[in-house]
Amino acid sequence: MADAMTDTPTIEQRDDRARTWQLVMTGNGLHRITPETQADMTRLLDLDPSISHLTVEIGDDQIHIARDWPSDRLEEADRLIDRIAASGVSTIDVHDRNGAIP
């Protein structure tokens, strides 16, 4: 979506282009999740990276929502971990948002 007067992308569109992941939803009743709700869940996952996934219920249907990264991103992350380890680093502790080690 763009501003009709300037043809400038809206904030949401700019966010989409900067995002390195996409929203993936699995389960029954996917048609019941509106585009606006999908956008809100995407924004929620953007704002709080400590959320690993969501499960929503609509009636009797459960839908699992999570981030999905392209495989090239995961491969790049693996290469970076290998390079860091090869530099002499012997341990990498990944901390959650509260500082705890998962």
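A. Geometry of helix H2 (residues 35-47). An ideal rise of 1.5 Å per residue puts 18 Å on 13 residues; H2 measures up with 18 Å between its terminal C-alpha atoms. Of all the residues in H2, the buried ones are Met41, Thr42 and Leu45. What you see down the axis of H2 is that its buried residues fit within an arc of 100°, all on one side. Of the exposed residues in H2, the ones pointing more than 90 degrees away from its buried face are Glu36, Asp40 and Leu47. The inward-facing, buried residues of H2 abut strand S1 (22-27), strand S2 (53-58) and strand S3 (61-68).

B. Structural detail: the side chain of arginine 19. Within the secondary structure, arginine 19 is located in the loop between helix H1 (11-18) and S1. Judged by relative accessible area, arginine 19 falls into the buried class, the value being 17%. Within the structure, arginine 19 has its side chain in polar contact with the side chain of aspartate 46 (distance 2.6 Å).

What counts, and where the lines are drawn
- Residues numbered from 1 in each chain as written.
- Predicted model: local features only at pLDDT ≥ 70, side-chain atom pairs only at ≥ 80, totals over all residues.
- Heavy atoms only, no water.
- Helix = DSSP H or I, 4+ residues; strand = E, 2+ residues; numbered from the N terminus.
- Expected span 1.5 Å × (residues − 1).
- Buried < 20%, exposed > 50% of the residue type's maximum accessible area, 1.4 Å probe, protein only.
- Arc of directions from axis to C-beta.
- Contact = heavy atoms within 4.5 Å.
- Polar contact = N/O pair within 3.5 Å; in protein donor to acceptor, adjacent residues only side chain to side chain.

Honestly, that's just the spatial picture; any functional story needs more than this.
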